[in-house]
Each structure stands twice: as structure tokens, then as C-alpha cells.
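# Structure at a glance
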Amino acid sequence: MFIESFKVDSPNVKYTEGEIHSVYNYETTDLVLENRDGIHQWVVKPKSVKYEFKTDTHLPRFGVMLVGWGGNNGSTLTAGVIANHEGISWATKDKIQQANYFGSLTQASTIRVGSFNGEEIYAPFKSLLPMVNPDEIVFGGWDISNMNLADAMARAKVLDIDLQKQLRPYMEQMVPLPGIYDADFIAANQESRANNVIGGTKKEQVERIIKDIREFKEKNQLGKVVVLWTANTERYSSIIAGLNDTMENLMASLEKNEAEISPSTLYAIACVLENVPFINGSPQNTFVPGLIELAIQRNSLIGGDDFKSGQTKMKSVLVDFLVGAGIKPTSIVSYNHLGNNDGMNLSAPQTFRSKEISKSNVVDDMVASNAILYEPGEHPDHVVVIKYVPYVGDSKRAMDEYTSEIFMGGKSTIVLHNTCEDSLLAAPIILDLVLLAELSTRIQLKAEDEGKFHSFHPVATILSYLTKAPLVPPSTPVVNALSKQRAMLENILRACVGLAPENNMILEYK
């Protein structure tokens, strides 16, 4: 059974006009290595920590600024939100299609809330806590190309022609602001697009971005803005002592106009200084150590890295299943080819290396979780290949081969072929990222030994379900298994309304 909404009736939760206040007992464990009668033994000690959560239920007028607004992802997302807001339908070769938000965790997935007369009851994910209606988002942003969004949509060749024709009047007046362009950080084949760029020193570019954010917010009378990078993948930035390894060194390097500060890092600096959440949707190391330190010091939300939309999402499910089943993956080979501008940019070795790193690390925590299968330091062979094939456009092909050791020395091979409509998968992920980032800024919490409420850590691990290479605070374990990431996100939101984690025990029927 499906219900649209619900309210929790519990002594642990209180609803007021502008706030939800909950009390939550966090059940966890401590491990201690004890010496008992001369024998060392691991002892697991369950513990319970009481937390309080406060969620502001006032929804702001909300704006999203995309870096790379005129790219395939930016134009597709903008078009999709307009189509949903206007209730547009269009003819395809199969049927009359209605606008929807399929592929969005927040808008198109459900959570279990209990049972009624022996039947499981589900509700929309977005019903857990008040979230901004995506139809009401105000879009803006930057691009190194001055093409308007209607023409950018046509260039992308993602959406059906009938839909494009209906959307053109809404989008042809949308023109990106000039963006930061540095040819050293992306492929040389992007130079022909760069006719809409911000000049000046790197410090002047940061000041321009801050000015753009302020003007966008004021012009549209927005309560909150989130900035998200969906522009080209950059090469990795070198981490250099004295340049970007600390907050002080990074800001001093900005003053000195040091060459090794990437455009994405400049956007991130601007957002942190303006206390505007910034999300990196590409695989490069935008968040150099000095920037992470700056974000923590200013308590400004940052999140990333790299949208998890197709092949990597499948990998984070399949490897988790195999290792959890006691099967030992020994070789993982992943091949992709695509023909959009992302593929063209990734054809350069330096930018491909950024993508290769973000795709390769996705299995690390799952392998480390099972020392029965893997010796210390042992790891599956893992190869990632990406090729640019212009003809296939946005319809990316992903092929994977998983070879594993099974019972008594046997071998098992699984081969997958996945056709990913790249931007149609990425756009709802962008939507989820900005909506959850906005929501997380309205949540505060405190443990029982803390005197006052505080926000989540500014390095937003709550977004990890949506990213290939989750950014985590220093000395924090990285979790890549998709089921664990979704459970973490759902259970945190459940805690905000005083609900226990979904444990799937169903003891009442046992």
C-alpha cells in the first residue's frame, strides 16, 4: 500500500509551527582489545547515545547556479524542471510522454513506514522531511560558451524534438554568465567553445563569482542558493606544500595568482567565502587540503565528487553483493565509450586520469571488509577504459567483466552491457544533490554530552549515495557500498522525525 504523507505520533518527536524536534537513541558499538588471564580478546560493547535533532520546516525560495549550465547536464536538468513545472507532454515514437522525475531518489523513490493489516506501507522518500519542490527552483549559472539554453539543449541532442520545440520559448532567454576558463586544466579540444570567459587574476575571478552569486540571489529574491559544478572534468591539481596544502597557503597563493589553482577550486573558494554550499559533480580533486580546511573553518558545506549515475553505481551494488556472499572478485574490467562533450574532453590523458581514479576506488571499502577473502594489501585487478566515439552522442555504452574465485578453486564470470543515457541519468542526481544539500542546512543536532545544537559537518558525507568518490572529513572511513549509503541517508532523515532505522527484521511475523 502507498500513502502520500504521514506524521509521527511519538513522545520522541514534537512538531511546532516552524520546526520538528526529535530525540533519537543511536545504538552503536565500541570495540576493546582486553587482556583476560594473559589472553588478548576483542570485546564488543554495545552502547546507546542520545541525540536531539532540530529541523527548520520553513522552505526558502531556492536557487541553483550550475557551473557549466550550457552543457548537456545543465540544459537537460533545466529543461526537465521547466517541463514538470508547466505540465508539458510530448509525442515520442511510442506514446504521449508526461514530464516526470524518474531517476531522482528524493522525488521518485519510496521508504517503508510500517505495516497495516499485514500489508507493507510505503511513502515517498520526500515525505520524511519538508523539502523544496523542484518545480520551484530558480536556475542560473556560468558557462565558457555564450550559447543560450534553448540552443544548448538542441546541441546536446538529448531530449525529443517535440519536447525541445515546446521548451524553446522558456529557454531561449536563458544565457549563462561568463565562466572561468583555464586551458591548462581541461582538454585542448574545448578551446573552440570558450567565447564567454572571465578575465583578470584568479583573485579577481573569485571576486567576480561572489558578485554573480549575490546579484543572482538579490535579483530573484532567493532565500538560499546552492552552486554545483557540472562543467568539464579537469586534470588533477598538484598538491604542493606551501601552495594549497593549508588554508593560509591556499589563500596566499590566490593573492599571488599561482597557476596551480584550478577553475573548480576558484568557484569553491568563492562559495565557501560566501557561505554558499558547493558540490563538485566531476572527478577532479577540486577540494585540495587547503580548501577543505577553509570550509571546515567557515562551516560552509562542500560535497562531491563525481556523479554516480551508471557503470559505477552498478559496480558498487555488484561487488558489495559478491563480497557479501563470500565470493572473491579477482578481476574487474570496465570499458566505456560515449560521444558527448564529456567524452571529447575525457579523450585527453590528463582529464581521463581524474575519471579513472574516481571510478577505480569504488570497490576499496568492500574489499577491505572481508579478510577471509583477501590477504592484507591484496586487491582485485581493476582496469577502467573510456573512449570517445562521436556517433553514439549522449548514449554511453558501458561494458563490464567481473571474474571471481568461487568454491574449491572454481571461477565465475559475470559480463554486463549497460546503455546509459548519460545526461538523463545525471540530471536527477544533480537535482537530488542540491535538494539534499539545501535540506541539510536546515538540520541541527547535538549529542547528550554537547551543550548546544550544531549543523552537520561541513564536508557533507550525507551526499555520498549520489557520488562516485564520496568526499569525507579527514580521518573518516569512506563507504562506497550503495545499499549502505542509501541506508545511512534514509536513517538519518528517519532520526529527524524520531523513527528507528529500517532494519528489515520484521520480528512481528517471525
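Cut-offs applied
Residues numbered from 1 in each chain as written. Predicted model: local features only at pLDDT ≥ 70, side-chain atom pairs only at ≥ 80, totals over all residues. Heavy atoms only, no water. Helix = DSSP H or I, 4+ residues; strand = E, 2+ residues; numbered from the N terminus. Rg over C-alpha atoms; globule rule 2.2 N^0.38 Å. Buried < 20%, exposed > 50% of the residue type's maximum accessible area, 1.4 Å probe, protein only. Pairing = 2+ DSSP bridges. Axes fitted to C-alpha atoms, helices over the stretch in contact; angles between N-to-C directions. Parallel < 35°, antiparallel > 145°, perpendicular 65-115°, else oblique. Left-handed = near helix turned anticlockwise from the far one by under 90°. Contact = heavy atoms within 4.5 Å. Nonpolar A, V, L, I, M, F, W, Y, C, P; charged D, E, K, R; others polar. Patch = residues over 30% accessible without salt bridge, like charges linked within 9 Å, V, L, I, M, F, W, Y side chains within 5 Å. Areas by Shrake-Rupley, 256 points an atom, 1.4 Å probe, with all protein chains shown as cover. Salt bridge = Lys/Arg side-chain N within 4 Å of Asp/Glu carboxyl O. Phe/Tyr/Trp six-rings, centres within 6.5 Å; stacked < 30°, edge-to-face > 60°. Core = buried A, V, L, I, M, F, W, Y, C linked by side-chain atoms within 4.5 Å.

### Let's talk about the overall build of the protein chain
Per the secondary structure count, the protein chain includes 14 helices and 19 strands. By the compact-globule yardstick of 24 Å for 510 residues, the protein chain fits well, its C-alpha radius of gyration being 24 Å. Along the first, second and third principal axes, the C-alpha set of the protein chain runs to 75 × 60 × 60 Å. Burial statistics for the protein chain: of 510 residues in total, 52% are counted as buried.

### A few points about the sheet that holds strand β11 (residues 224-229)
Pairing is parallel across the open sheet formed by 6 strands, whose spatial order is β10-β9-β4-β11-β12-β13. Pairing within the sheet leaves two strands with one partner each, and these edge strands are β10 (177-178) and β13 (302-303). The pairing of β11 with strand β12 (residues 278-280) spans 3 bridges and is parallel. Bridge assignment links valine 227 to a residue of β12, and that residue is phenylalanine 278.

### Side note on the packing of helix α5 (residues 202-219) against helix α7 (residues 263-274)
Remark: α5 packs on α7, axes separated minimally by 9 Å, with the N-to-C direction vectors making an angle of 55°. With respect to each other, α5 and α7 are oriented oblique. When the axes of α5 and α7 are compared, the crossing they make is right-handed. Contacts from Lys202, Gln205, Val206, Ile209, Ile210, Ile213 and Arg214 of α5 reach α7 at Leu266, Tyr267, Ile269, Ala270, Cys271, Leu273 and Glu274. Broken down by class, the residue content of the contact of α5 with α7 amounts to 10 nonpolar, 1 polar and 3 charged.

### Side note on the environment of proline 60
By secondary structure assignment, the location of proline 60 is in the loop between β3 (39-56) and β4 (62-67). In contact with proline 60, other than residues within four places in its own chain, are Val132, Gly223, Lys224, Glu438 and Arg442.

### Overview of a nonpolar patch on the surface
The grouping of Leu31, Leu33, Trp42 and Val44 at the surface amounts to a nonpolar patch, some 440 Å² of accessible area in total. Inspection of the secondary structure assignment puts tryptophan 42 in strand β3. When its relative accessible area of 57% is taken as the criterion, tryptophan 42 is described as exposed.

### Examining the pairing of strand β14 (residues 328-338)
A large share of β14 lies buried, amounting to 8 of its 11 residues. Pairing geometry for β14 and strand β15 (residues 381-388), over 8 bridges, is parallel. Within β15, the residue paired with isoleucine 332 across the bridge is histidine 382.

### Some details on the packing of aromatic side chains
Inspection of the entire model under this criterion finds 6 aromatic pairs. Centre to centre, the rings of tyrosine 26 and tyrosine 51 are 6.1 Å apart; their planes meet at 75°, and the pair counts as edge-to-face. Placement of the pair is tyrosine 26 in strand β2 (residues 19-36) and tyrosine 51 in strand β3, with a sequence separation of 25 residues. A relative accessible area of 37% means that tyrosine 26 is categorised as partly exposed. On the basis of an interplanar angle of 65° and a centroid distance of 5.2 Å, the ring pair of tryptophan 142 and tyrosine 267 is categorised as edge-to-face. Here tryptophan 142 is found in strand β9 (residues 138-143), whereas its partner tyrosine 267 is found in helix α7, with 125 residues between them in sequence. No difference in accessibility class separates tryptophan 142 from tyrosine 267, as the two residues are buried.

### Concerning the packing of helix α3 (residues 149-156) against helix α4 (residues 161-171)
Running from N to C, α3 and α4 cross one another at 150°; their axes reach a closest spacing of 8 Å. The orientation of α3 relative to α4 falls into the category roughly antiparallel. Residue-level inspection shows Leu149, Ala150, Asp151, Met153 and Ala154 of α3 in contact with α4, the latter providing Gln164, Leu167, Arg168 and Met171. The residue makeup of the contact of α3 with α4, split by class, is 6 nonpolar, 1 polar and 2 charged.

### Some thoughts on the environment of isoleucine 492
Here isoleucine 492 lies in helix α14 (residues 482-495). Residues isoleucine 492 and isoleucine 462 lie 30 residues apart in sequence; the distance between their C-alpha atoms is 8.5 Å. Once residues within four sequence positions are removed from consideration, isoleucine 492 is found in contact with Phe456 and Ile462.

### Examining unusual backbone geometry
Cis geometry marks the peptide bond from glycine 304 to aspartate 305; its omega dihedral reads -5°. Of note, aspartate 305 is situated in the loop between β13 and α9 (311-324). Within the chain, aspartate 306 stands out as a residue other than glycine whose phi angle is a positive 80°. Locating aspartate 306 in the fold gives a position in the loop between β13 and α9. Taking relative accessible area as the criterion, aspartate 306 reaches 2% and is therefore assigned buried. Even without being glycine, asparagine 504 reaches a positive phi, approximately 60°. Relative to the assigned elements, asparagine 504 resides in the segment after α14.

### A short note on the nonpolar core
With 66 residues, the main nonpolar core has Leu167 and Leu493 as its most contacted residues. Residue contributions to this core peak at 11 residues, all from helix α13 (residues 422-440). Non-local contacts of leucine 167, meaning those with residues more than four positions away in its chain, are made with Ala79, Ile82, Ala83, Ile88, Met153 and Leu159. Membership of the second largest hydrophobic core comes to 37 residues, among which are Met247, Tyr267, Ala268 and Leu294.

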